[in-house]
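Remarks on the overall topology
Spelled out from the first residue to the last, the chains are:
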Amino acid sequence: MTTPFFSTKGDDLVPAPIARSPWSPDMLHGRLLGGLAARAVEAEHLDDGLHPARLTVDLFRNSPLLPVSVTATRIRDGRRIRVVDVTMETEQGPIGRASAVLLRKAEQPDGERLLTPPWDEKPPAGPASFPAVNWEPPFDLWRLTDWQTAGPKRVWTRETHPLVGQEAVTPFVRAALAADFASPLSNSGTAGVAFINADYTLTLARLPAGEHIGIESTGHLSTAGIATGQCTLHDEAGPIGYCVVTAVANRALGS
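Residues numbered from 1 in each chain as written. Predicted model: local features only at pLDDT ≥ 70, side-chain atom pairs only at ≥ 80, totals over all residues. Heavy atoms only, no water.

1. Here's the deal with empty space enclosed by the protein
As a reminder of what qualifies: Cavities and pockets are defined on a 1 Å grid built over the protein atoms alone: a cavity is a set of grid points where a 1.4 Å probe fits but cannot escape, while a pocket is an open set with protein on both sides within 12 Å along at least five of seven lines, and lining residues are those with an atom within 4 Å of any such point. Grid points are joined across faces, edges and corners, and a volume is the space filled by probe spheres set on the points. Basically, the charged four are Asp, Glu, Lys and Arg, the nonpolar ten are Ala, Val, Leu, Ile, Met, Phe, Trp, Tyr, Cys and Pro, and anything else, Gly included, counts as polar.
Taken as a whole and judged by the stated rule, the model has 1 cavity of 30 Å³ or more. In this model, the largest cavity occupies a volume close to 50 Å³. The wall of the largest cavity is formed by Arg31, Phe139, Thr157, Glu159, Leu177, Ala178, Asp180 and Phe181. Of the residues contributing to the lining of the largest cavity, the split by class is 4 nonpolar, 1 polar and 3 charged.

2. Some words on the sheet that holds strand E7 (residues 81-90)
Here is the rule we go by: Pairing between strands is defined by DSSP: at least two bridges between the two strands are required. Strands here are runs of E lasting at least two residues and helices are runs of H or I lasting at least four, both read from the DSSP assignment and numbered beginning at the N terminus. Interaxial angles span 0 to 180 degrees and are taken between N-to-C directions of axes, which are lines fitted to C-alpha atoms, for helices over the stretch in contact. The contact criterion used is simple: two residues touch if any of their non-hydrogen atoms lie within 4.5 Å.
The antiparallel open sheet is built from 10 strands, whose spatial order is E6-E7-E8-E5-E13-E16-E15-E14-E10-E9. The open sheet has two free edges, formed respectively by strand E6 (69-77) and strand E9 (139-143), since each of these has just one partner strand. For this sheet, the mean inter-axis angle between neighbouring strands, taken without regard to orientation, is 20°. The strands touched by helix H1 (residues 31-45) are strand E5 (50-58), E6, E7, strand E8 (93-104), E9, strand E10 (154-159) and strand E13 (195-204); relative to E6, the strand with the most contacts, the crossing angle is about 55°.

3. Quick word on the environment of phenylalanine 172
In this fold, phenylalanine 172 is placed in helix H2 (residues 171-179). Remark: the alpha-carbon pair of phenylalanine 172 and histidine 51, spanning 121 residues in sequence, is separated by 9.6 Å. Not counting the four nearest positions on each side in its chain, phenylalanine 172 is found in contact with Ala38, Val41, Glu42, Pro52, Leu55, Leu204 and Leu207.

4. Section: the pattern of salt bridges
Keep this limit in mind: Note on definitions: salt bridges are taken to be side-chain nitrogens of Lys or Arg within 4 Å of carboxyl oxygens of Asp or Glu. Burial classification: accessible surface area is computed with a 1.4 Å probe over protein chains only, and a residue below 20% of its type maximum counts as buried, one above 50% as exposed, and the rest as partly exposed.
Inspection of every chain in the model, using the stated rule, returns 11 salt bridges. Measuring nitrogen to oxygen at the nearest pair gives 2.9 Å for the salt bridge that ties arginine 82 to aspartate 77. With a shortest N-O distance of 2.6 Å, aspartate 235 and arginine 206 are connected by a salt bridge. In this pair, aspartate 235 is assigned in strand E15 (residues 226-235) and arginine 206 in the loop between E13 and strand E14 (212-223), connecting sequence segments 29 residues apart. A residue is classified by how much of its surface remains accessible, and arginine 206, at 29% relative accessible area, is partly exposed. Each of Asp47, Arg74, Asp77 and Arg82 takes part in salt bridges that share partners, so that together they form one network.

5. What to know about the packing of aromatic side chains
We count it as follows: By convention, a stacked pair of Phe, Tyr or Trp rings (six-membered ring in the case of Trp) has centres within 6.5 Å and planes under 30 degrees apart, an edge-to-face pair has planes over 60 apart, and any other such pair is tilted. Ring-over charges, as used throughout, are those where CZ of Arg or NZ of Lys falls within 6 Å of the ring centre and within 35 degrees of the ring normal.
By the definition in use, this model includes 2 aromatic pairs. Aromatic side chains phenylalanine 139 and phenylalanine 181 sit 6.3 Å apart centroid to centroid with 85° between the ring planes, which places their arrangement in the edge-to-face category. With phenylalanine 139 in strand E9 and phenylalanine 181 in the loop between H2 and helix H3 (182-187), the pair connects residues that are 42 residues apart, well separated along the chain. Phenylalanine 139 gets classed as buried once you look at its relative accessible area, which sits at 7%. Residue classification places phenylalanine 181 among the buried positions, given a relative accessible area of 11%. A cation over a ring is seen here: arginine 31 above phenylalanine 139, with NZ or CZ 4.2 Å from the ring centre.

6. Digging into the environment of valine 155
Locating valine 155 in the fold gives a position in strand E10. A relative accessible area of 0% means that valine 155 is categorised as buried. When the C-alpha positions of valine 155 and glutamate 216 are compared, they lie 6.7 Å apart, and in sequence the two are 61 residues distant. Residue contacts for valine 155: discarding those within four places in its chain leaves Trp119, Leu141, Trp142, Arg143, Leu144, Trp147, Phe181, Leu185, Ile213, Gly214 and Ile215.

7. So, H1
Let me state the cut-off plainly: The span expected for a helix works out to 1.5 Å for each residue beyond the first.
A rise of 1.5 Å per residue sets the reference length of H1, with its 15 residues, at 21 Å; its end C-alpha atoms lie 21 Å apart and thus fit the reference within 8%. Burial runs high along H1: 11 of the 15 residues are buried.

8. Considering unusual backbone geometry
Residue alanine 224 is not a glycine yet carries a positive backbone phi of 55°. Here alanine 224 is to be found in the loop between E14 and E15. For alanine 224, a relative accessible area of 80% puts it in the exposed group.

That is the geometry; function is a separate question.
Right, here's the structure in full:
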């Protein structure tokens, strides 16, 4: 069996060593909080006919590899919209929070609109191509463009480990895990990854089909060490949504 990122112990989720962040061997990777939030929303609040249109994940505290408890609370439940807040904490206190907007599906309106075009990258056929330095990603990552440039960047990703136990990774959880990669993709440049994200907001017009998710950086702005970046997410059939991140210059991690 493949090692999961978390095992269950009562109501807590206990991280495995592969849940570590690239920034420190004893730090929980922030991408996993988005996956845990999506999992909780999906398990407790995503009924038939509802679609997870937005997930915002706030990453406001670095955490050691400690057991995590996740609580999802329904804040609003209307005819067409449901809003859920999620809190994630350890014995040291809150480490992150998330909010999800679930929208009820309806008939697609007529008319033409400005659409994001599909990219021209095909799903990868060979082995993952991420050059490991001090950290080897516990997921498949294909780097399609050079990161040490100021231009647009593209990757394909694929999850290779279950998030919790031996549960299958669902399309919503898969998208939430991939979305965190919008930060290094949109905020890297000729000097490497100079920013670390404080949050990310994933919006989805539809859920991804298949195992591969492509991410393409489409914008970056920064002043005085404060950055915002944006990416488009794709699956094998075309674009599925967007991710926007805010980030701060990474001179003193943990401050």
